[in-house]
Amino acid sequence: MNGDNGYFKITDDHLTVCGGAPIKPDWWSRGYEYAWALRYADRAARVADMGCGVGKPLKIALARACHRVCAVDKDPAILSEKMPDNVKVICADFTQPIDEFPGGSLDRVFCISVLEHVRPDERLFALAEFRRVLKPDGLFVVTIDVDYDRTRPPGKYPGMEPSELIDLADKADLLLVHDAEHNRANVLINDELNLCCWHGVFIAW
């Protein structure tokens, strides 16, 4: 698909409701991220929402669009969330091996604005774990927050550079599906947090 890899723009499609729940106003980029990520849902696919978050609705939307969903988060509170029948909840840290997943068992791995919160020295292992659980030619669908103005001091929340993600993914045998676009014209920005948001699709090879 065109538009696989690049910054979200204010003109991109976005949702106000996801998985039957309204998107909170302070989730400044989530409506764009969810609308984009759901393009890669597939009715026959077994997928994981890695770092799905407690109370975040993407896993519910994926359950409506995919055959089977694994909702993975390290917060034990995830175990008490009510889920559709085709969602399996796994309390796990994806910077460690996830024993519940056999190798090559997933068609898609979604990871939405989570990797920038992972310690830099643990990011490569996380990507390698995603590659391990994906089938050959499976897709890794990811978004990251990026520092918008690099001359400003670090903000409240961390950013991660797309170039770092692409480099680490390559080391983990996850190949960017199309060339990355780095055009920031009309980019979606949270000025208070000094963040913009980048999205990419990688294939397991």
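Preceding this paragraph is the structure being described.
Residues numbered from 1 in each chain as written. Predicted model: local features only at pLDDT ≥ 70, side-chain atom pairs only at ≥ 80, totals over all residues. Heavy atoms only, no water.

The next thing to look at is the overall build of the protein. A count of helical and extended segments in the protein gives four helices and eleven strands. For the protein, the C-alpha atoms occupy an extent of roughly 45 × 40 × 30 Å along the three principal directions. Restricting to contacts in the protein with at least 6 residues of sequence separation, those with at least 24 account for 69%. Total accessible area computed for the protein in this model is approximately 9,700 Å², and 52% of it derives from carbon and sulfur atoms. If the 24 positive side-chain charges of the protein are averaged to one point and the 32 negative ones to another, these points end up 5 Å apart. (Helix = DSSP H or I, 4+ residues; strand = E, 2+ residues; numbered from the N terminus. Contact = heavy atoms within 4.5 Å. Areas by Shrake-Rupley, 256 points an atom, 1.4 Å probe, with all protein chains shown as cover. Lys, Arg positive; Asp, Glu negative; His and termini not counted. Charge placed at Lys NZ, Arg CZ, Asp CG, Glu CD.)

Bringing the pattern of salt bridges into the picture now. Tallying each qualifying case throughout the model produces ten salt bridges. Across the pair R119 and D121 runs a salt bridge, and its minimum N-O distance is 2.6 Å. The exposure class assigned to R119 is partly exposed, which follows from its relative accessible area of 49%. K171 serves as the salt-bridge partner of D167, at 3.4 Å between the closest nitrogen and oxygen. Of this pair, D167 and K171 both sit in helix α4 (residues 162-171), four residues apart, which is roughly one turn of the helix. (Salt bridge = Lys/Arg side-chain N within 4 Å of Asp/Glu carboxyl O. Buried < 20%, exposed > 50% of the residue type's maximum accessible area, 1.4 Å probe, protein only.)

Once that is clear, we can look at the side chain of N86. Tracing the sequence through the fold places N86 in the loop between β5 (68-73) and β6 (87-91). In terms of polar contacts, N86 uses its side chain to reach the backbone carbonyl oxygen of A63, at 2.9 Å. (Polar contact = N/O pair within 3.5 Å; in protein donor to acceptor, adjacent residues only side chain to side chain.)

Enumeration over the complete set of coordinates arrives at five aromatic pairs. Between F140 and F202, the aromatic rings sit 5.8 Å apart at their centres with planes inclined by 40 degrees, giving tilted as the arrangement. Of this pair, F140 sits in strand β8 (residues 134-147) while F202 sits in strand β11 (residues 195-204); the two residues are 62 residues apart in sequence, bridging distant segments of the chain. The exposure class assigned to F202 is buried, which follows from its relative accessible area of 0%. Every member of this aromatic cluster is reached through a ring pair, and the members are F94, F130, F140 and F202. Positioned over the ring face of W27 is K56, at 5.3 Å from the centre of the ring. (Phe/Tyr/Trp six-rings, centres within 6.5 Å; stacked < 30°, edge-to-face > 60°. Lys NZ or Arg CZ within 6 Å of the ring centre and 35° of its normal.)

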